[in-house]
Amino acid sequence: MSRWKELPGELPPPVRQLIVRLRTLKDRGELSTRQLAVKTGYSARSWQRYLNGGSLPPRAAVEAMARVGGDDPARLLALHEIAAERWAEGQPAPVSAHTGTDDAARRRPYGRHPYPRALVTAGAVALVLSVSVTLLLAVRLAETRERLARVRTDTVAAAPATVSASLVPVTYTCRPEQRDGRWYAGLSRTSDTILAYTHVGPEVAEAQCLLRRAGISPGDIDGVFGPRTQRAVQRVQKRHGLVVDGVIGPHTWQALREVAPR
């Protein structure tokens, strides 16, 4: 299993979730960055930047990774769209280039067209094509947004809420029980929801209950992914030889659900 570098602390949570998910898919397929380059068409150096938080992977790269890793492209692309919006908020605005006046056009004799008729025709065709492509992209964007809305509604656990000023303190009760060789605390049955620092909700409380059952105190069972919960997650990851990043993904969920109490 890869030993990943710690992600930059300034990354927005959606971007961090996307990168952790891509890392998970790479680890699951036991692929090197060179093998990813062959399978996806993006260079090994590009994947190193994407997976270490240096730059946001393009949509096509995320879709290719979903295909290679056997994941649901719609869900991963929905997460990518949210991450792209947050990533763009922190980027400088593009600078438009200024073009001067064409002096040659001013010197053109009256009545003589500067371009051959074939070139004008080709330009008209290109204009029609560009309009058609724009309309197609608009339709695809509307479909993507509709699919995103469905994903957000049907899989709320894919993007947990984060700590806010209006957060009302909640205390959850752990009810551990074993089913089919796996442990549950009665708050969530998820096994792949990605949880990270500042997330809140019953999924976080479920993880806190399982951490306490494993003999590692996450603090209060309040459903808030704070510093103590993050340190407890890192201890479990270190104990089971996982990537120690303090983020709960499928591998960490598996360790928590199958761990024996200590």
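Details of the structure are given in the entry above.
Scoring rules and cut-offs
- Residues numbered from 1 in each chain as written.
- Predicted model: local features only at pLDDT ≥ 70, side-chain atom pairs only at ≥ 80, totals over all residues.
- Heavy atoms only, no water.
- Helix = DSSP H or I, 4+ residues; strand = E, 2+ residues; numbered from the N terminus.
- Buried < 20%, exposed > 50% of the residue type's maximum accessible area, 1.4 Å probe, protein only.
- Contact = heavy atoms within 4.5 Å.
- Areas by Shrake-Rupley, 256 points an atom, 1.4 Å probe, with all protein chains shown as cover.
- Disulfide = S-S within 2.5 Å.
- Salt bridge = Lys/Arg side-chain N within 4 Å of Asp/Glu carboxyl O.
- Core = buried A, V, L, I, M, F, W, Y, C linked by side-chain atoms within 4.5 Å.
- Axes fitted to C-alpha atoms, helices over the stretch in contact; angles between N-to-C directions.
- Parallel < 35°, antiparallel > 145°, perpendicular 65-115°, else oblique.
- Nonpolar A, V, L, I, M, F, W, Y, C, P; charged D, E, K, R; others polar.

### Brief notes about the overall build of the protein chain
Counting its secondary structure elements, the protein chain contains 10 helices and four strands. Buried residues in the protein chain amount to 39% of all 262 residues. A sequence separation of at least 24 residues applies to 58% of the contacts in the protein chain between residues at least 6 apart. For the protein chain, the exposed area adds up to about 15,800 Å²; of that, 54% sits on carbon and sulfur atoms.

### Some words on the state of the cysteines
For the coordinates displayed, the defined rule picks out one disulfide. Paired through a disulfide, Cys174 and Cys209 show a sulfur-sulfur distance of 1.9 Å. Because the sign of the S-S torsion sets the handedness, a value of about -80 degrees for the bond joining Cys174 and Cys209 places this disulfide among the left-handed ones. Residue Cys174 is found in the loop between strand 1 (161-162) and strand 2 (177-179), and its partner Cys209 is found in helix 8 (residues 202-213); the two are separated by 35 residues along the sequence. Cys209 gets classed as buried once you look at its relative accessible area, which sits at 6%.

### Quick word on the environment of Gly201
Mapped onto the secondary structure, Gly201 falls in the loop between strand 4 (199-200) and helix 8. Sequence spacing of Gly201 and Leu187 is 14 residues, and the spatial spacing of their C-alpha atoms is 9.5 Å. Those residues in contact with Gly201 that sit more than four places away from it in its chain are Tyr172 and Gly223.

### Let's talk about the environment of Arg145
Tracing the chain through its elements places Arg145 in helix 7 (residues 117-154). Sequence-distant contacts of Arg145, defined by excluding residues within four places in its chain, comprise Glu81 and Glu85.

### Considerations on unusual backbone geometry
If you check the backbone angles, Glu30 has positive phi at about 50 degrees while not being a glycine. Structurally, Glu30 is set in the loop between helix 1 (13-28) and helix 2 (33-40). Judged by relative accessible area, Glu30 falls into the exposed class, the value being 71%. Residue Asp180 is not a glycine yet carries a positive backbone phi of 55 degrees. Residue position: Asp180 is located in the loop between strand 2 and strand 3 (182-184).

### Some words on the pattern of salt bridges
The tally for this structure, following the rule as stated, stands at seven salt bridges. Across the salt bridge formed by Glu177 and Arg179, the nearest N and O atoms sit 3.0 Å from each other. With relative accessibility at 39%, the residue Arg179 sits in the partly exposed group. Among the salt bridges present, the one from Arg257 reaches Glu206, with a minimum N-O distance of 2.8 Å. Of this pair, Arg257 sits in helix 10 (residues 250-258) while Glu206 sits in helix 8, and the two are 51 residues apart along the sequence. According to the relative accessible area criterion, Arg257 is buried, its value standing at 0%.

### Focus on the nonpolar core
Val15, Leu18, Trp47 and Leu76 are the most contacted members of the largest nonpolar core, which has 28 residues in total. Every element with two or more residues in this core is listed here: helix 1, helix 3 (44-51), helix 4 (59-69) and helix 5 (73-89). Here this core gets six residues from one element, more than from any other, and that element is helix 1. Excluding residues that lie within four positions of it along the chain, Leu76 makes contacts with Leu18, Arg21, Leu22, Leu25, Val62, Ala66 and Asp71. With 16 residues, the next largest nonpolar core counts Leu195, Val204, Leu242 and Ala255 among its residues.

### What about the packing of helix 2 against helix 4?
At a minimum axis distance of 10 Å, the contact between helix 2 and helix 4 shows a crossing angle of 105 degrees. In terms of orientation, helix 2 lies roughly perpendicular with respect to helix 4. Contacts between helix 2 and helix 4 involve Leu36, Lys39 and Thr40 from the former and Ala64, Met65, Arg67 and Val68 from the latter. Of the residues contributing to the contact of helix 2 with helix 4, the split by class is four nonpolar, one polar and two charged.

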